[in-house]
Amino acid sequence: MSDTPTPNDDPPAVTVDAVPGPFTLDVGTTALVLIDMQRDFLLPGGFGETLGNDVSLLQQVVPPLAEVLAAARAAGMLIIHTREGHLPDLSDCPPAKLQRGKPSMRIGDEGANGRILIRGEYGHDIIDELAPIDGEIVIDKPGKGAFYATELQTVLETAGVSRLIVTGVTTEVCVHTTVREANDRGYEALVLSDCVGSYFPEFQRIGLEMIAAQGGIFGWVADSTALLAALPQPAVAV
Ligand code: TIU
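Summarised in this report is the structure supplied together with it.

Rules of the game
- Residues numbered from 1 in each chain as written.
- Predicted model: local features only at pLDDT ≥ 70, side-chain atom pairs only at ≥ 80, totals over all residues.
- Heavy atoms only, no water.
- Pairing = 2+ DSSP bridges.
- Helix = DSSP H or I, 4+ residues; strand = E, 2+ residues; numbered from the N terminus.
- Axes fitted to C-alpha atoms, helices over the stretch in contact; angles between N-to-C directions.
- Parallel < 35°, antiparallel > 145°, perpendicular 65-115°, else oblique.
- Contact = heavy atoms within 4.5 Å.
- Nonpolar A, V, L, I, M, F, W, Y, C, P; charged D, E, K, R; others polar.
- Salt bridge = Lys/Arg side-chain N within 4 Å of Asp/Glu carboxyl O.
- Buried < 20%, exposed > 50% of the residue type's maximum accessible area, 1.4 Å probe, protein only.

## Details of the sheet that holds strand β8 (residues 163–169)
- Spatially, six strands are ordered β7-β4-β3-β8-β9-β10 in an open sheet, and the strand pairing comes out parallel. Of all strands in the sheet, those bounded by a partner on one side alone are β7 (137–141) and β10 (220–222). Sheet twist, expressed as the average angle between the axes of neighbouring strands with direction ignored, equals 25°.

## Describing the packing of helix α6 (residues 171–184) against helix α7 (residues 201–216)
- Between α6 and α7, whose axes approach to 10 Å, the crossing angle comes to 10°. By the criterion of interaxial angle, the relationship of α6 to α7 is roughly parallel. On α7, the residues touching T171, E172, H176 and R180 of α6 are F203, Q204, G207, L208, M210 and I211.
- Partitioning the contact of α6 with α7 into residue classes produces four nonpolar, four polar and two charged.

## Some points on the pattern of salt bridges
- Going through the model one piece at a time under the given rule, you end up with nine salt bridges.
- Measuring nitrogen to oxygen at the nearest pair gives 2.6 Å for the salt bridge that ties E136 to R73. Of the two residues, E136 sits in the loop between β6 (114–115) and β7 while R73 sits in helix α3 (residues 62–75), which places them 63 residues apart along the sequence.
- Judged by relative accessible area, which is 14%, E136 ranks as buried.
- A relative accessible area of 30% places R73 in the partly exposed class.

## Considering the pairing of strand β4 (residues 78–84)
- Judged by how many residues are buried, β4 sits mostly within the fold: six of seven residues are covered.
- As defined by bridge partners, strand β3 (residues 30–35) adjoins β4 across five bridges and the pair is classed as parallel. Within the sheet, the bridge partner assigned to A31 lies in β4 and is L78.
- Pairing between β4 and β7: five bridges, direction parallel. From the neighbouring strand, I80 faces β7, where its bridge partner is I137.

Take a look at the structure:
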């Protein structure tokens, strides 16, 4: 018997070549999660840039993630998008988050894409390339983790989902927090290395290593090519 961990319970439909070992999934019990692919993190003039980051580094995530999103849609997988942000009156924003650091603009200030990190603003929404379509779930979250103060766990339980394919930004902040939250709630998470991005290349590398270290301490890591190779191909009409 192999000593590398593999997800247990349902009979697997497909197996993805991952570290620290194979990740088995059934399309019907798996969700693709896209974390915070918002203009506020990816485009100039948003929250990410106000923190002093080079937002162009995140652009490399978009093409492989668009391909994964198309494949997951074709396979009929549940798709969940998340958005970090706050109510216009900031009543859901802890003072500690509002006052942290020395950003060029604070959450709620008027920026180039509307008020920074505020729900309903242009900058708060998901980039055009990955825009949700009818039937997909959008979770608005006030924190870094997608489970904190959201309906995500209820959505997953209602849909019978036990495994997550996690993508989005940033690797060491909202992706990590969400994967750790998912792990503590009993979900099996596969993180796609080329579909998550960081403003810091060293955090990207180490962040991915941390997930799969110690025998997969809180998840699995594979690249999008490995997932695409494993997903069932949609029937082609003749
Ligand atoms: N600053 C940073 O790297 N990330 C965040 O503030 N939020 C998310 O990761 N979405």
